[in-house]
Amino acid sequence: MNFMQFARHAGLALSFRSSGSYWERRYRAGLTSGLGSYGDLARFKAEILNGFVRSREVRSVIEFGCGDGNQLGLADYPSYLGLDVSAKAIDLCHARFAGDRTKSFLWHDPRRMVNLQNFVTADLTLSLDVIYHLVEDAAYLSYLDNLFSTARRFVILYSSDGDDASSVAHVRHRRFTIDVERAYPEFRLTDRIENRYPEQSFCSFFFYEKIAG
Ligand SMILES: C[S@@+](CC[C@H](N)C(=O)[O-])C[C@H]1O[C@@H](n2cnc3c(N)ncnc32)[C@H](O)[C@@H]1O
């Protein structure tokens, strides 16, 4: 891949206004969810996630930030709900998985979602390649709240976990493990898997299990 192809895949040419509008404009411009959802990285993510779902007998999955559906095409989940801030992402998933009755999708405005967990929960909730794109503090905090409040048994995050500065406007690294420990003591960090391709991604897998009501 040459630099122009890389820049296009990574969405580097788009200006940044807010994390929500960035993704909508990115998908409308015909760009993808990014390098992390294709090739080696997508296969690595799917292998870990499908193995977990199978071995822990997970019956239902909610993903916050499902993206363009390329990563999801490798998933083997009994029942799945994908949410995204981008309407275009939901349209792409709708078209791609039309006829697959195990997959549901919902376009949402995270700022206008209140007490979702009273009606929508799953065994496992997922955050894949999203945390470090939540540039605004309010977006980050409400995202964590939705992710952890709707999980009945497990939460899996695939993300960076540091506060290194980023030179790219749509990336902000966060030490989310500290925030989770503080805000969601009912969840325990049970495992961490480093990336098989560290030269391609700064993300690792973080596995949380609910230990109390
Ligand atoms: C890098 S893509 C990852 C897509 C998918 N999770 C994957 O691994 O292929 C990030 C996605 O998160 C979505 N997103 C950004 N902020 C969000 C938020 N606050 N709530 C839900 N989705 C969000 C974007 O629209 C985009 O589709």
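These lines cover the structure that appears in this document, whether it is placed above or below.

Basis of the calculations
Residues numbered from 1 in each chain as written. Predicted model: local features only at pLDDT ≥ 70, side-chain atom pairs only at ≥ 80, totals over all residues. Near = placed C-beta within 6 Å. Helix = DSSP H or I, 4+ residues; strand = E, 2+ residues; numbered from the N terminus. Nonpolar A, V, L, I, M, F, W, Y, C, P; charged D, E, K, R; others polar. Core = buried A, V, L, I, M, F, W, Y, C linked by C-beta atoms within 7 Å. Buried ≥ 20, exposed ≤ 12 C-beta atoms within 10 Å, placed from the backbone. Contact = placed C-beta atoms within 7 Å. Pairing = 2+ DSSP bridges. Axes fitted to C-alpha atoms, helices over the stretch in contact; angles between N-to-C directions. Expected span 1.5 Å × (residues − 1). Arc of directions from axis to C-beta.

Quick notes on the site of the ligand
Thinking step 1. The environment of the ligand is made up of 24 residues, and the closest members are Trp23, Ser37, Gly65, Gly67 and Gln71.
Thinking step 2. Looking at the shell around the ligand, the elements that each hand over two or more residues are helix H2 (19-28), strand E2 (80-84) and helix H5 (137-149).
Thinking step 3. Taken together, the residues that form the shell around the ligand break down as 12 nonpolar, 10 polar and 2 charged.

A word on the nonpolar core
Thinking step 1. Membership of the largest hydrophobic core comes to 44 residues, with the highest contact counts inside it found for Val61, Leu124 and Ile156.
Thinking step 2. For this core, the element with the most residues is strand E5 (residues 151-159), which contributes 6 residues.
Thinking step 3. Not counting chain neighbours up to four residues away, the residues in contact with Val61 comprise Val53, Tyr77, Ser79, Tyr80, Ala122, Leu124 and Leu126.

Some remarks on the sheet that holds strand E4 (residues 122-128)
Thinking step 1. The strand order E3-E2-E1-E4-E5-E7-E6 describes an open sheet built from 7 strands, whose pairing is mixed. In this open sheet, the two edge strands, each paired with only one partner strand, are strand E3 (103-107) and strand E6 (187-193). In this sheet, adjacent strand axes meet at a mean angle of 20 degrees when their direction is disregarded.
Thinking step 2. On top of the sheet, helix H3 (residues 39-55) reaches strand E1 (61-64), E4, E5, E6 and strand E7 (204-210); it is set at about 165 degrees to E5, its chief contact.

Section: H3
Thinking step 1. Look at H3: 24 Å from first C-alpha to last across 17 residues, which is about the 24 Å you get at 1.5 Å a residue.
Thinking step 2. For H3, the complete set of buried residues consists of Leu41, Phe44, Lys45, Leu49 and Val53. Viewed end-on, H3 has its buried residues packed into an arc of 155 degrees, placing them on one side of the element. Of the residues in H3, the exposed ones pointing more than 90 degrees away from the buried face are Glu47, Gly51, Arg54 and Ser55.
Thinking step 3. Looking one or two places after H3, you find Glu57, whose phi comes out positive at around 50 degrees.

Some words on the pairing of E7
Side-chain positions along a regular strand alternate between the two faces of the sheet.
Thinking step 1. Sheet analysis places E5 next to E7, joined by 6 bridges and oriented antiparallel. Across the sheet, residue Leu157 finds its bridge partner in E7, namely Phe206.
Thinking step 2. Sheet topology places E6 next to E7; 6 bridges connect them, and they run antiparallel. Bridge pairing in E7 places Arg192 opposite Phe206.

Brief notes about unusual backbone geometry
Thinking step 1. The phi torsion at Asn115 lies on the positive side, around 50 degrees, for a residue other than glycine.
Thinking step 2. Structurally, Asn115 is set in the loop between E3 and E4.
Thinking step 3. One non-glycine residue with positive phi stands out, namely Asp129, at about 60 degrees.
Thinking step 4. Tracing the backbone shows Asp129 in the loop between E4 and H5.

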